[in-house]
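So you can see what is in the structure, the chains are spelled out below.
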Amino acid sequence: MKRQNKYRKFQLQQQNIEALERENSRFKRVYSEYENMSNELWNLENSSGEPVPDDFINAMILQTSYLEDEIEDWLIQFNDKKTEIKH
């Protein structure tokens, strides 16, 4: 059985992400970079090839967490905007 990619934490909000990607090219670039980095991190941590230095992996984890924070902020603002429109 294949292990779940723990870095793909926004899967449940895919509809909102797709809407934001259509509205905002900067969000689309940030989310694309997040997807690329999270996939690469998962691959590095689960590969059986040459070991990668911990410093490199830690730097990637840090950058990925910055991107996650930025994406979360956008999603919160997007959800707040949707709530305002409904009321």
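Scroll up for the structure.
Everything numeric in this text was worked out from a predicted model, so none of it was measured.

Enquirer: I'd like to hear about the nonpolar core, residue by residue, with values.
Expert: Of all hydrophobic cores here, the largest spans 18 residues; its most connected members are F10, F27, Y31 and I71. Every element with two or more residues in this core is listed here: α1 (14–23), α2 (25–46) and α3 (54–86). With residues near it in sequence (within four places) discarded, I71 still touches F10, F27, V30, Y31 and Y34.

Enquirer: So what's going on with α1? Residues and values would help.
Expert: By the burial criterion, the buried members of α1 are N16, I17, A19 and L20. Buried residues along α1 cover an arc of 160 degrees about the axis, so they all sit on one side. Relative to its buried face, α1 has exposed residues pointing more than 90 degrees away, namely Q15 and R22.

Enquirer: Summarise the packing of aromatic side chains; cite the residues concerned and give the values.
Expert: Scanning all chains against the criterion turns up five aromatic pairs. Measuring from centroid to centroid gives 6.4 Å for F10 and Y31, while their planes differ by 65 degrees, and the two rings are edge-to-face. Pair noted here: F10 is in the segment before α1 and Y31 is in helix α2, with a separation of 21 residues, a long-range link. Y31 shares its class with F10; the two are buried. Taken together, a centroid distance of 5.1 Å and an interplanar angle of 90 degrees make the contact between F27 and W74 edge-to-face. With F27 in helix α2 and W74 in helix α3, the pair connects residues that are 47 residues apart, well separated along the chain. Looking at F27, the relative accessible area reads 0%, which means it is buried. Classification of W74 as buried rests on a relative accessible area of 15%. Among the aromatic residues, ring-to-ring pairing joins F10, F27, Y31, Y34 and W74 into one connected group.

Enquirer: Describe the packing of α1 against α2, and please don't skip the residues or the numbers.
Expert: Their axes nearest at 6 Å, the elements α1 and α2 cross at an angle of 130 degrees. Between α1 and α2, the crossing angle belongs to the class labelled oblique. Crossing of α1 over α2 shows left-handed handedness. Of α2, the residues touching α1 (which contributes Q14, I17, L20, E21 and E23) are S25, F27, K28 and Y31. Class assignment of the residues belonging to the contact of α1 with α2 gives a composition of four nonpolar, two polar and three charged.

Rules of the game
- Residues numbered from 1 in each chain as written.
- Predicted model: local features only at pLDDT ≥ 70, side-chain atom pairs only at ≥ 80, totals over all residues.
- Heavy atoms only, no water.
- Core = buried A, V, L, I, M, F, W, Y, C linked by side-chain atoms within 4.5 Å.
- Buried < 20%, exposed > 50% of the residue type's maximum accessible area, 1.4 Å probe, protein only.
- Helix = DSSP H or I, 4+ residues; strand = E, 2+ residues; numbered from the N terminus.
- Contact = heavy atoms within 4.5 Å.
- Arc of directions from axis to C-beta.
- Phe/Tyr/Trp six-rings, centres within 6.5 Å; stacked < 30°, edge-to-face > 60°.
- Axes fitted to C-alpha atoms, helices over the stretch in contact; angles between N-to-C directions.
- Parallel < 35°, antiparallel > 145°, perpendicular 65-115°, else oblique.
- Left-handed = near helix turned anticlockwise from the far one by under 90°.
- Nonpolar A, V, L, I, M, F, W, Y, C, P; charged D, E, K, R; others polar.

Function cannot be read off these values alone, since they describe shape.
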